[in-house]
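The lines below spell out each chain.
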Amino acid sequence: MTDSTWLNRRSHQLIPGKEVFRSERRFHLLAYSNSHGRLLMRSIGQPDTPGEPETTIDLLFKPAIVVKIRDDYRGLAIRCATAAESAQVKADYTSVSFGEEDHVFVLESQGESDYVVAMAVGWTEGILDLTRQSFFNDFHPASAIWPYQPLGGPDAGLNIASAQELIDALLAEENATIRRERHRYVYVVMMRVIRSDGPDVKGAGVFLTRAEAEEAQAVITAKSVECWIAELPIAV
């Protein structure tokens, strides 16, 4: 069961000076996608840890035009800027063309203030399944790929793991129930085999680097077999 709120252009929702969100929990910057300028922050839930919050809160700004934030907040309140605050923030960005629907959201934590200029802000709170990357990126059959990042479309690479992290994850035996919020691309050499009952596509091998995959591809192609490389994300 999830609880969702979305605040956008409607004036009765985004009143200058009005507080729209408050939580004593810890939030961190999770992802940014230049597809629609989406900025995602999260307070992670730990349902299996006594004394820790069970639910995850995903907090999304869209589209984020100007951003001045930290990567970690211990307690967070968000309010709509006053008219004076909004004018001051926008005056600092003379190269940006702001529209009437671009709101300045003030982020306050431990006596300090930051801001995001966006058209809308929203959040979802609930139990986030271990295999689900966020409440804002669901599986779509047309993509044929399980979501491997918190936001769809191109992202800033904030959750790309190193090759060593992937190796460590493969070797670990006790992390079956941890959240896998990062990913690493692997390279699958695919080949098309012609059989009596028609063509068959299969994976010939999975490699940690593109160079290794290209070496295998060259060997297979030399034997007159149609072959190509597919990049696939693996959760870490």
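What counts and what doesn't
Residue numbers restart at each chain and count upward from 1, following the sequence in its written direction. Thresholds applied to this predicted model are a pLDDT of at least 70 for local features of residues and 80 or more for the giving and counting of side-chain atom pairs; totals over whole chains, interfaces and linings are not thresholded and use all residues. Calculated side-chain values reflect all of the structure's heavy atoms, with hydrogen atoms and water omitted. What counts as a helix is a DSSP run of H or I of at least four residues, what counts as a strand is a run of E of at least two, and both are numbered from the N terminus. We compute the radius of gyration over the C-alpha atoms and compare it with the globule rule, which gives 2.2 Å times the number of residues raised to the power 0.38. Per-residue accessibility, obtained with a 1.4 Å probe over protein chains only, is compared with the maximum for each type, and a residue is labelled buried under 20%, exposed over 50%, and partly exposed between these values. None of His or the chain ends enter the tally, which takes Lys and Arg as positive and Asp and Glu as negative. To locate a charge, the coordinates of NZ of Lys, CZ of Arg, CG of Asp or CD of Glu are taken. Put simply, a salt bridge is a Lys or Arg side-chain nitrogen that is within 4 Å of an Asp or Glu carboxyl oxygen. Here, nonpolar core refers to any group of buried Ala, Val, Leu, Ile, Met, Phe, Trp, Tyr and Cys residues whose side-chain atoms link them within 4.5 Å. It only takes one pair of heavy atoms within 4.5 Å for two residues to be counted as in contact.

Caption draft 1: Representation of the overall build of the protein in the model. When its secondary structure is counted, the protein shows three helices and ten strands. From first element to last, N terminus to C terminus, the protein shows the α and β order β-β-β-β-β-α-β-β-α-β-β-α-β. In terms of overall dimensions, the protein is more spread out than a globule: its C-alpha atoms have a radius of gyration of 22 Å, far above the 18 Å expected for 236 residues. Counting only C-alpha atoms and orienting by the principal axes, one finds that the protein spans roughly 70 × 45 × 30 Å. Evaluated residue by residue, the protein yields a buried proportion of 37% over its 236 residues. In the protein, the 24 positive side-chain charges and the 33 negative ones have mean positions that sit 3 Å from each other.

Caption draft 2: Main features of the pattern of salt bridges. With the rule as written, the count across this model stands at 14 salt bridges. Between Arg-70 and Asp-114 there is a salt bridge, with its nearest N and O atoms 2.8 Å apart. Here Arg-70 is found in the loop between β4 (56–68) and β5 (72–80), whereas its partner Asp-114 is found in strand β7 (residues 112–126), with 44 residues between them in sequence. Exposure remark for Arg-70: the relative accessible area of 24% places this residue in the partly exposed category. What emerges from the salt-bridge pattern is a single network uniting Lys-68, Arg-70, Glu-112 and Asp-114.

Caption draft 3: Broad picture of the nonpolar core. Judged by nonpolar contacts, the single largest core of 21 residues is most densely connected at Phe-21, Leu-59, Phe-61, Leu-76, Ile-78, Phe-105 and Leu-107. Not counting residues up to four positions away in its chain, the partners in contact with Phe-61 are Gly-37, Arg-38, Leu-39, Met-41, Ile-78, Phe-105, Leu-107, Val-116, Ala-118, Ala-120 and Val-121.

Caption draft 4: How the structure looks around the environment of Ile-78. Positionally, Ile-78 belongs in strand β5. Here Ile-78 falls in the buried class, since its relative accessible area comes to 0%. In this structure the C-alpha to C-alpha distance between Ile-78 and Arg-22, which are 56 residues apart in sequence, comes to 6.4 Å. Apart from the residues lying within four places of it in its own chain, the contact partners of Ile-78 are Glu-19, Val-20, Phe-21, Leu-59, Phe-61, Phe-105, Val-106 and Leu-107.

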